[in-house]
Amino acid sequence: MRIDILTIFPEMLRGVFADSILKRAQDKEILRVYFHDIRAYSQNKHRKVDDRPFGGGPGMVMTCQPVVDAVRAVQAQAEAGRLIFMCPGGKKFSQTAAAELARASRLILVCGRYEGFDERIFTLLQPEIISIGDYVLSGGELAAAVLADAVTRLLPKVLGDEHSAAEDSFSLRNERGEPLLDYPHYAPPALYAGLAAPEILRGGNHAEINRWRREQAEQRTRERRPDLFRV
Ligand code: ADE
(Lines give C-alpha, C1' and ligand atoms only; values in the text may rest on other atoms or scores of the structure.)
Protein backbone atom coordinates (compact mmCIF):
# COMPACT_ATOMS: atom_id res chain seq x y z
CA MET A 1 0.00 0.00 0.00
CA ARG A 2 1.08 3.57 -0.67
CA ILE A 3 -0.05 6.29 1.77
CA ASP A 4 0.39 9.97 0.91
CA ILE A 5 -0.20 12.48 3.69
CA LEU A 6 -0.81 16.15 2.91
CA THR A 7 -0.28 18.50 5.83
CA ILE A 8 1.23 21.85 6.79
CA PHE A 9 3.13 20.03 9.60
CA PRO A 10 4.91 17.06 7.98
CA GLU A 11 7.47 16.98 10.82
CA MET A 12 4.70 16.22 13.28
CA LEU A 13 4.08 12.88 11.62
CA ARG A 14 7.53 11.56 10.71
CA GLY A 15 8.23 10.12 14.16
CA VAL A 16 4.97 8.14 14.20
CA PHE A 17 6.00 6.30 11.04
CA ALA A 18 9.63 5.79 12.15
CA ASP A 19 8.96 3.21 14.88
CA SER A 20 7.22 -0.03 15.71
CA ILE A 21 4.63 -1.59 13.37
CA LEU A 22 4.50 1.34 10.93
CA LYS A 23 8.28 1.19 10.55
CA ARG A 24 8.28 -2.59 10.20
CA ALA A 25 5.64 -2.42 7.44
CA GLN A 26 7.88 -0.02 5.51
CA ASP A 27 11.03 -2.09 6.13
CA LYS A 28 9.18 -5.12 4.73
CA GLU A 29 8.12 -3.00 1.72
CA ILE A 30 4.43 -3.63 2.43
CA LEU A 31 3.89 0.09 3.02
CA ARG A 32 5.33 3.23 1.41
CA VAL A 33 4.62 6.61 3.01
CA TYR A 34 5.11 10.05 1.48
CA PHE A 35 4.62 13.38 3.24
CA HIS A 36 3.66 16.49 1.28
CA ASP A 37 3.76 20.02 2.63
CA ILE A 38 0.59 21.82 1.46
CA ARG A 39 2.36 25.15 1.98
CA ALA A 40 4.79 24.30 -0.82
CA TYR A 41 1.86 24.48 -3.27
CA SER A 42 0.67 27.93 -2.20
CA GLN A 43 0.95 30.56 -4.94
CA ASN A 44 0.86 33.31 -2.32
CA LYS A 45 4.21 35.04 -1.85
CA HIS A 46 4.05 34.40 1.89
CA ARG A 47 3.01 30.76 1.28
CA LYS A 48 -0.33 31.48 2.97
CA VAL A 49 -2.75 28.53 3.13
CA ASP A 50 -5.58 30.09 5.16
CA ASP A 51 -7.81 33.14 5.30
CA ARG A 52 -10.58 34.71 7.36
CA PRO A 53 -14.03 33.20 6.72
CA PHE A 54 -16.62 35.04 4.66
CA GLY A 55 -19.48 36.02 6.94
CA GLY A 56 -17.18 36.46 9.93
CA GLY A 57 -16.75 34.23 12.94
CA PRO A 58 -13.80 32.80 14.79
CA GLY A 59 -10.68 31.20 13.32
CA MET A 60 -9.35 30.75 9.84
CA VAL A 61 -10.30 28.55 6.89
CA MET A 62 -7.93 26.55 4.69
CA THR A 63 -8.23 28.08 1.24
CA CYS A 64 -8.94 26.44 -2.10
CA GLN A 65 -5.82 27.07 -4.20
CA PRO A 66 -3.08 25.44 -2.10
CA VAL A 67 -5.18 22.46 -1.06
CA VAL A 68 -6.68 21.72 -4.49
CA ASP A 69 -3.32 22.12 -6.26
CA ALA A 70 -1.52 19.97 -3.68
CA VAL A 71 -4.09 17.17 -3.92
CA ARG A 72 -4.13 17.21 -7.73
CA ALA A 73 -0.31 17.16 -7.93
CA VAL A 74 -0.05 14.27 -5.47
CA GLN A 75 -2.87 12.35 -7.17
CA ALA A 76 -1.00 12.61 -10.48
CA GLN A 77 2.12 10.96 -9.01
CA ALA A 78 0.57 7.48 -9.09
CA GLU A 79 -2.75 5.63 -9.50
CA ALA A 80 -5.80 7.60 -8.29
CA GLY A 81 -6.23 5.92 -4.88
CA ARG A 82 -8.80 6.84 -2.25
CA LEU A 83 -8.85 10.50 -1.32
CA ILE A 84 -9.67 11.05 2.35
CA PHE A 85 -9.97 14.32 4.26
CA MET A 86 -9.56 14.06 8.04
CA CYS A 87 -12.26 16.25 9.65
CA PRO A 88 -14.26 16.11 12.90
CA GLY A 89 -17.38 16.50 10.75
CA GLY A 90 -16.74 13.35 8.73
CA LYS A 91 -18.06 9.80 8.81
CA LYS A 92 -16.97 7.99 11.97
CA PHE A 93 -13.92 5.71 11.61
CA SER A 94 -14.21 2.12 12.88
CA GLN A 95 -12.50 -1.27 12.71
CA THR A 96 -14.85 -2.17 9.84
CA ALA A 97 -13.80 0.98 7.98
CA ALA A 98 -10.11 0.16 8.64
CA ALA A 99 -10.56 -3.34 7.19
CA GLU A 100 -12.27 -1.90 4.14
CA LEU A 101 -9.52 0.70 3.57
CA ALA A 102 -6.86 -2.02 3.98
CA ARG A 103 -8.04 -3.43 0.62
CA ALA A 104 -6.99 -0.26 -1.25
CA SER A 105 -3.58 0.04 -2.86
CA ARG A 106 -3.27 3.79 -2.27
CA LEU A 107 -4.64 6.21 0.34
CA ILE A 108 -4.25 9.98 0.11
CA LEU A 109 -4.88 11.55 3.52
CA VAL A 110 -5.41 15.30 3.78
CA CYS A 111 -5.00 16.96 7.20
CA GLY A 112 -6.81 20.20 7.99
CA ARG A 113 -5.99 22.90 10.51
CA TYR A 114 -7.89 25.91 11.78
CA GLU A 115 -11.69 25.89 11.49
CA GLY A 116 -11.67 23.61 8.46
CA PHE A 117 -11.60 23.68 4.67
CA ASP A 118 -13.33 26.00 2.19
CA GLU A 119 -16.37 23.92 1.20
CA ARG A 120 -15.57 24.26 -2.53
CA ILE A 121 -12.55 22.00 -1.99
CA PHE A 122 -14.97 19.15 -1.22
CA THR A 123 -17.18 20.02 -4.19
CA LEU A 124 -14.22 19.96 -6.56
CA LEU A 125 -12.35 16.94 -5.23
CA GLN A 126 -15.26 14.78 -4.00
CA PRO A 127 -13.23 13.13 -1.23
CA GLU A 128 -14.33 10.75 1.49
CA ILE A 129 -14.46 12.65 4.80
CA ILE A 130 -13.51 10.72 7.95
CA SER A 131 -13.58 11.59 11.66
CA ILE A 132 -11.79 9.40 14.19
CA GLY A 133 -14.26 10.25 16.96
CA ASP A 134 -16.58 12.80 18.47
CA TYR A 135 -13.98 15.23 19.76
CA VAL A 136 -12.05 18.05 18.14
CA LEU A 137 -8.29 17.80 17.62
CA SER A 138 -6.11 20.78 16.74
CA GLY A 139 -5.63 19.33 13.28
CA GLY A 140 -6.04 16.22 11.17
CA GLU A 141 -2.43 14.99 11.63
CA LEU A 142 -3.04 12.82 14.68
CA ALA A 143 -6.24 11.53 13.08
CA ALA A 144 -4.33 10.56 9.92
CA ALA A 145 -1.74 8.75 12.07
CA VAL A 146 -4.52 6.84 13.85
CA LEU A 147 -6.13 5.82 10.57
CA ALA A 148 -2.81 4.82 8.98
CA ASP A 149 -1.86 2.71 12.01
CA ALA A 150 -5.23 0.93 12.22
CA VAL A 151 -5.14 0.17 8.48
CA THR A 152 -1.47 -0.86 8.29
CA ARG A 153 -1.71 -3.50 11.01
CA LEU A 154 -4.42 -5.20 8.94
CA LEU A 155 -2.26 -5.50 5.81
CA PRO A 156 -1.17 -9.10 5.15
CA LYS A 157 2.19 -10.05 6.69
CA VAL A 158 2.59 -6.83 8.71
CA LEU A 159 1.97 -8.44 12.09
CA GLY A 160 4.35 -11.22 13.09
CA ASP A 161 1.60 -13.58 14.20
CA GLU A 162 -0.93 -13.74 11.36
CA HIS A 163 -3.72 -14.30 13.88
CA SER A 164 -3.08 -11.46 16.26
CA ALA A 165 -5.18 -8.84 14.42
CA ALA A 166 -8.09 -11.26 14.01
CA GLU A 167 -8.40 -11.58 17.81
CA ASP A 168 -8.28 -7.88 18.65
CA SER A 169 -11.18 -5.98 20.14
CA PHE A 170 -13.89 -5.33 17.49
CA SER A 171 -12.54 -8.11 15.23
CA LEU A 172 -14.04 -10.74 17.53
CA ARG A 173 -17.82 -11.21 17.13
CA ASN A 174 -20.50 -13.05 19.08
CA GLU A 175 -23.05 -15.45 17.53
CA ARG A 176 -25.35 -12.49 16.77
CA GLY A 177 -22.55 -10.91 14.72
CA GLU A 178 -22.06 -8.08 17.22
CA PRO A 179 -18.47 -6.88 17.79
CA LEU A 180 -16.84 -7.83 21.09
CA LEU A 181 -14.10 -6.19 23.10
CA ASP A 182 -10.96 -8.26 23.61
CA TYR A 183 -10.88 -10.79 26.48
CA PRO A 184 -8.47 -10.29 29.44
CA HIS A 185 -4.86 -11.44 29.05
CA TYR A 186 -2.43 -12.89 31.60
CA ALA A 187 1.28 -13.75 31.39
CA PRO A 188 3.79 -15.09 33.98
CA PRO A 189 4.15 -14.98 36.90
CA ALA A 190 1.06 -17.02 37.86
CA LEU A 191 0.86 -15.10 41.15
CA TYR A 192 1.58 -11.37 41.42
CA ALA A 193 0.82 -9.15 44.42
CA GLY A 194 -1.47 -11.88 45.73
CA LEU A 195 -3.43 -11.95 42.44
CA ALA A 196 -3.56 -15.29 40.62
CA ALA A 197 -3.88 -15.65 36.85
CA PRO A 198 -7.05 -17.69 36.18
CA GLU A 199 -6.44 -21.42 36.70
CA ILE A 200 -8.30 -22.29 33.50
CA LEU A 201 -5.72 -20.49 31.32
CA ARG A 202 -2.91 -22.57 32.81
CA GLY A 203 -4.65 -25.93 32.41
CA GLY A 204 -3.97 -26.45 28.69
CA ASN A 205 -7.58 -27.35 27.76
CA HIS A 206 -8.00 -25.21 24.64
CA ALA A 207 -11.73 -25.77 24.23
CA GLU A 208 -12.27 -24.58 27.80
CA ILE A 209 -9.86 -21.67 27.35
CA ASN A 210 -11.71 -20.53 24.21
CA ARG A 211 -15.08 -20.78 25.98
CA TRP A 212 -13.76 -18.80 28.97
CA ARG A 213 -12.34 -16.10 26.70
CA ARG A 214 -15.61 -15.77 24.77
CA GLU A 215 -17.60 -15.45 28.01
CA GLN A 216 -15.18 -12.86 29.34
CA ALA A 217 -15.35 -10.87 26.08
CA GLU A 218 -19.18 -10.93 26.17
CA GLN A 219 -19.30 -9.88 29.83
CA ARG A 220 -16.73 -7.13 29.37
CA THR A 221 -18.55 -5.76 26.30
CA ARG A 222 -21.90 -5.81 28.13
CA GLU A 223 -20.37 -3.85 31.03
CA ARG A 224 -18.19 -1.37 29.17
CA ARG A 225 -19.83 -1.00 25.76
CA PRO A 226 -23.53 -1.94 25.89
CA ASP A 227 -23.97 0.30 22.84
CA LEU A 228 -22.24 -2.38 20.72
CA PHE A 229 -25.13 -4.79 21.38
CA ARG A 230 -28.39 -4.49 19.50
CA VAL A 231 -30.46 -5.69 22.52
N1 ADE B 1 -9.47 16.98 12.84
C2 ADE B 1 -9.83 17.55 14.01
N3 ADE B 1 -10.54 16.71 14.77
C4 ADE B 1 -10.65 15.54 14.06
C5 ADE B 1 -11.27 14.29 14.30
N6 ADE B 1 -11.95 14.05 15.43
N7 ADE B 1 -11.19 13.35 13.35
C8 ADE B 1 -10.53 13.60 12.19
N9 ADE B 1 -9.92 14.76 11.91
C10 ADE B 1 -9.97 15.72 12.83
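Reading the values: rules and limits
Residues numbered from 1 in each chain as written. Predicted model: local features only at pLDDT ≥ 70, side-chain atom pairs only at ≥ 80, totals over all residues. Heavy atoms only, no water. Pairing = 2+ DSSP bridges. Helix = DSSP H or I, 4+ residues; strand = E, 2+ residues; numbered from the N terminus. Axes fitted to C-alpha atoms, helices over the stretch in contact; angles between N-to-C directions. Contact = heavy atoms within 4.5 Å. Phe/Tyr/Trp six-rings, centres within 6.5 Å; stacked < 30°, edge-to-face > 60°. Buried < 20%, exposed > 50% of the residue type's maximum accessible area, 1.4 Å probe, protein only. Arc of directions from axis to C-beta. Patch = residues over 30% accessible without salt bridge, like charges linked within 9 Å, V, L, I, M, F, W, Y side chains within 5 Å. Areas by Shrake-Rupley, 256 points an atom, 1.4 Å probe, with all protein chains shown as cover. Salt bridge = Lys/Arg side-chain N within 4 Å of Asp/Glu carboxyl O. Near = heavy atom within 4 Å. Polar contact = N/O pair within 3.5 Å; in protein donor to acceptor, adjacent residues only side chain to side chain. Domains from an automatic or database assignment.

Describe the sheet that holds strand 1 (residues 2-7), naming the residues involved and giving the relevant values.
With parallel pairing, five strands are arranged side by side in an open sheet as 2-1-6-5-7. Among the strands making up the open sheet, the edge pair consists of strand 2 (32-37) and strand 7 (128-131). Each adjacent strand pair in this sheet contributes to an overall mean axis angle of 30°, direction not counted. Both strand 1 and strand 2 contribute to a ladder of six bridges, which runs parallel. Residue pairing for strand 2: Leu6 is matched across the bridge by His36. Of the strands in this sheet, strand 1, strand 5 (82-92), strand 6 (106-111) and strand 7 touch helix 6 (residues 141-152), which is tilted by about 160° from strand 6.

Describe in detail the packing of aromatic side chains, supporting the description with residues and values.
A ring pair, where both rings are aromatic, is described by two values, the distance of the centres and the angle of the planes. Following the criterion strictly, the structure yields four aromatic pairs and no others. With centroids separated by 4.8 Å and ring planes inclined at 70°, the aromatic side chains of Phe85 and Phe117 adopt a geometry described as edge-to-face. In this pair, Phe85 is assigned in strand 5 and Phe117 in the loop between strand 6 and helix 5 (119-125), connecting sequence segments 32 residues apart. Given the relative accessible area of 9%, Phe117 is considered buried. Members of the aromatic cluster, connected to one another through ring pairs, are Phe85, Phe117 and Phe122.

So what's going on with helix 2 (residues 20-27)? Residues and values would help.
Turning to helix 2, its buried residues are Ile21, Leu22 and Ala25. The arc that holds every buried residue of helix 2, seen down its axis, measures 100°, which confines them to one face. Exposed residues on helix 2 whose side chains face more than 90 degrees from its buried face are Ser20 and Asp27. Packed against the buried residues of helix 2 are helix 1 (10-17) and helix 6. Of the residues trailing helix 2, Glu29 is marked for its positive phi of about 60°.

How would you sum up a nonpolar patch on the surface? Please name residues and give values.
On the surface, Phe9, Met12, Tyr135, Leu137 and Leu142 cluster together into a nonpolar patch covering about 440 Å² of accessible area. Looking at the element boundaries, Leu137 is found in the loop between strand 7 and helix 6.

Explain the site of the ligand residue by residue, including any values.
Not every one of the 13 residues close to the ligand is listed here, only the nearest: Cys87, Ile132, Gly133, Tyr135 and Leu137. Within the contact set of the ligand, a nitrogen atom lies 3.2 Å away from a backbone nitrogen or oxygen of Gly133. Out of a free accessible area of 260 Å², the ligand has 97% covered by protein chains. When contributions to the shell around the ligand are tallied by element, the ones reaching two or more residues are strand 5 and strand 7.

Residues and numbers for the domain arrangement of the chain, please.
What the domain assignment lists for the chain is domain 1 (2-152) and domain 2 (169-228). Computed over C-alpha atoms only, the centres of domain 1 and domain 2 are separated by 36 Å.

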